[in-house]
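What follows is each chain in one-letter form.
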Amino acid sequence: MRSACYRIVWGLFLVLADLRVEFVDILPDSLGYLLIASGLWQLQRLNGYFKAGHLCAWLLLIWSILQLFWYPDAEIGSVPMHSVIDLLPHLLASAVHIVLIYGICRGIQAYTAGVESGLDQQARFRLHMFMTVQLLWLFIHPFLLNLDSNVMIPVVFVCSLLVMIAEIAILLLVRLFARQWTENME
Amino acid sequence: MSKKWVYIIAILLVTCSWIGNVWYYEANQLGRTAFLEHHVETREGDGQVFDLYYVEDKRAAKTLSSIHIEGYPNLIVTSHPQYAEYQRQYLGKMTVNLNKPSVQKEAISEPSAEPVLVQMITANYTDGTSEQVDIGEIYIWPAMYHEGAQDAISWTSSGSSSDNTGYTSAVVNRPVELTAFSSKLMGLVEAGDLQINADISGQVPGRSYQTPPSKAQIELSGKPIAEISLPLKINQGGSIRISHQFNMHGLEKSMGVYQFMLRTTFEEDGRHWYEDTIIPYQVWPMEKEMTEFVRKGRNGS
């Protein structure tokens, strides 16, 4: 179980980080989602939240592979603002990613409920933080279509920073869960 | 209020944000290539060029690739598809050189020859399709050579400003008689959209091409050309300064493309000849004007 948690940590890291060498992401999202899916495959036995997260990880894995063929020129993680047909799959992928994180956090919260360490409380808090930031980002994102880029650049920068902080907070939460597993549960 | 309701409201807000923005974005798509309305006067030969402006959506799958003007098979077009960028559209520009050779010295035409009027051009698109499009009016005067013109007038300097004012000045090398100011687009002057003043034998224009003209040099001065009593004799050493100012207010005028060619006719020893002064209007719409143009273009399509 501990190794499953660390696979999720590494998976979240790969999804979050984009390291490009001549426009090629050498840390592809698909590899990240594969690691998350493999980690959650083991954890899904623990509760239904992990099971939901596991399903989302597979969906996102398929999406990240398809994205390489559908939008070879698009930056991974960005939304090419061409048409509604282009936007909808990205919006759906963001929604599935939110459900994935919801599954992980609620899974940890449910599994560690009542444990002295207070990990369930931390999971709850970080989930709220993640959801708030994600919803704020999703609210602001479509304004890119209509507002002047000079106005939007600082807003997008601040939002991206907040999203990154929230994602790192989730990543550290899973790491804490893995450590606690090592110390108390095995 | 429970957290569940906070999330429900937040999700509703996100949904409204997406629906509203996508709707607004779609409502401001032109959906085609639209040429601005041109009122251009030019002439063949001498490397004369004029610009054709058009608007296209940024996301357009089919864009303008080239144009063809009937009767000008050798025209040279320089394309600037992203001449100016707007939130959802590009303003494109095609600089057209008709590429007709200048008339040889032997071929002398009368100044009264009429120009060719071009109102439709063939637009060729990237998907291989083409169509006839209305571009307004382009008057193309034939190239002419007039023996009398040789060295009588020397154009010395010109300048223009971003507020669509400008001037051209010349010195007179031998006595001539100015007999007329004319243009096919004189309606612009009569409507007050363009003010053209002439200062004849007033200040002696500078001969320097090195330094850019000052604001004061560019400003409108002299008398409106309609108020100058013609014919007017100009002695050797006299000067002519033609200054202009466009007053384009309202969407239709500010989104129009204008190139006025003021034809100044001279008489010397019973021979008529003329000099042409090109007065262009720099089209540079604001974001708001472009949005309005697109909305009107959608309704008109």
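This text follows the structure it describes.
All of these numbers come straight from a predicted model, not from anything done at the bench.

Rules and cut-offs
Residues numbered from 1 in each chain as written. Chains lettered and ligands numbered in written order. Predicted model: local features only at pLDDT ≥ 70, side-chain atom pairs only at ≥ 80, totals over all residues. Heavy atoms only, no water. Helix = DSSP H or I, 4+ residues; strand = E, 2+ residues; numbered from the N terminus. Buried < 20%, exposed > 50% of the residue type's maximum accessible area, 1.4 Å probe, protein only. Contact = heavy atoms within 4.5 Å. Salt bridge = Lys/Arg side-chain N within 4 Å of Asp/Glu carboxyl O. Buried area = accessible area lost by both parts, 1.4 Å probe. Polar contact = N/O pair within 3.5 Å; in protein donor to acceptor, adjacent residues only side chain to side chain. Nonpolar A, V, L, I, M, F, W, Y, C, P; charged D, E, K, R; others polar. Phe/Tyr/Trp six-rings, centres within 6.5 Å; stacked < 30°, edge-to-face > 60°. Lys NZ or Arg CZ within 6 Å of the ring centre and 35° of its normal. Core = buried A, V, L, I, M, F, W, Y, C linked by side-chain atoms within 4.5 Å. Disulfide = S-S within 2.5 Å.

Draft legend 1. Expanded view of the overall build of chain B. Summing up its helical and strand segments, chain B has five helices and 17 strands in all. The burial tally for chain B puts 47% of its 301 residues in the buried class. Contacts spanning at least 24 positions in sequence make up 73% of the contacts within chain B whose residues lie at least 6 apart.

Draft legend 2. Up close: the side chain of A:Gln134. Residue and element names in this part refer to chain A. By the secondary structure assignment, Gln 134 is in helix 5 (residues 119-140). You can call Gln 134 buried: its relative accessible area is 6%. Setting aside its immediate chain neighbours within four residues, Gln 134 contacts Ile 98, Val 163 and Glu 167.

Draft legend 3. View of the pattern of salt bridges. Residues and elements named next belong to chain B. Per the counting criterion, the structure on display carries eight salt bridges over all chains. The residue Asp 51 makes a salt bridge to Lys 93 at a minimum N-O spacing of 3.8 Å. Taken together, the residues span a long stretch of sequence, with Asp 51 in strand 3 (residues 49-57) and Lys 93 in strand 6 (residues 89-97) at a distance of 42 residues. Given the relative accessible area of 13%, Lys 93 is considered buried. One network of salt bridges, in which partners are shared, links Arg 43, Arg 263 and Asp 276.

Draft legend 4. Structural detail: the interface of chain A and chain B. Across the contact, 22 residues belong to chain A and 16 residues belong to chain B. Buried surface at the junction of chain A and chain B, summed over both partners, amounts to about 1700 Å²; 63% is from carbon and sulfur atoms. Among the residues of chain A in contact with chain B, A:Leu135, A:Leu145 and A:Asn146 are the three that bury the most area, contributing 33% of the side total. Our count for the chain A to chain B interface comes out at six residue pairs in polar contact (both at pLDDT 80 or more). Elements supplying a minimum of two residues to the side of chain A that touches chain B: helix 4 (84-111) and helix 5 of chain A. In terms of residues, the side of chain A that touches chain B owes the most to one element, helix 5 of chain A, which gives seven residues. Tallied by class, residues from the side of chain A that touches chain B come to 14 nonpolar, six polar and two charged.

Draft legend 5. Broad picture of the packing of aromatic side chains. The final tally for this structure, using the stated rule, is twelve aromatic pairs over all chains. Ring geometry for A:Tyr49 against A:Tyr102: centres 6.3 Å apart, planes inclined by 80 degrees, an arrangement best described as edge-to-face. Pair noted here: A:Tyr49 is in helix 3 (residues 48-70) and A:Tyr102 is in helix 4, with a separation of 53 residues, a long-range link. Classification of A:Tyr49 as partly exposed rests on a relative accessible area of 29%. A residue is classified by how much of its surface remains accessible, and A:Tyr102, at 33% relative accessible area, is partly exposed. Taken together, the ring pairs connect A:Phe50, A:Tyr111 and A:Phe177 into an aromatic cluster. Above the ring of B:Tyr90, the side-chain terminus of B:Lys58 is found at 5.6 Å from the ring centroid. Here the basic side chain of B:Arg263 rests over the ring of B:Tyr274, its NZ or CZ set 3.7 Å away from the ring centre.

Draft legend 6. Fine view of the nonpolar core. Core analysis: the biggest nonpolar cluster contains 52 residues, and A:Ile36, A:Leu40, A:Leu100 and A:Ile108 have the highest contact counts within it. For this core, the secondary-structure elements that each account for two or more residues are helix 1 (2-16), helix 2 (29-43), helix 3, helix 4, helix 5 and helix 6 (149-185) of chain A together with helix 1 (3-27) of chain B. Tallying contributions element by element places helix 6 of chain A first for this core, with eleven residues. Non-local contacts of A:Ile108, meaning those with residues more than four positions away in its chain, are made with A:Phe50, A:Leu119, A:Ala123, A:Leu173, A:Val174 and A:Phe177. Grouped together as the second largest cluster of nonpolar side chains are 30 residues, B:Val176, B:Ile225, B:Ile234 and B:Phe246 included.

Draft legend 7. Fine view of the state of the cysteines. In the structure shown here, the tally under the stated rule is zero disulfides over all chains. Left unpaired, A:Cys56 is separated from the closest cysteine sulfur, that of A:Cys105, by 13 Å.

Shape is all these values report; function is a separate question.
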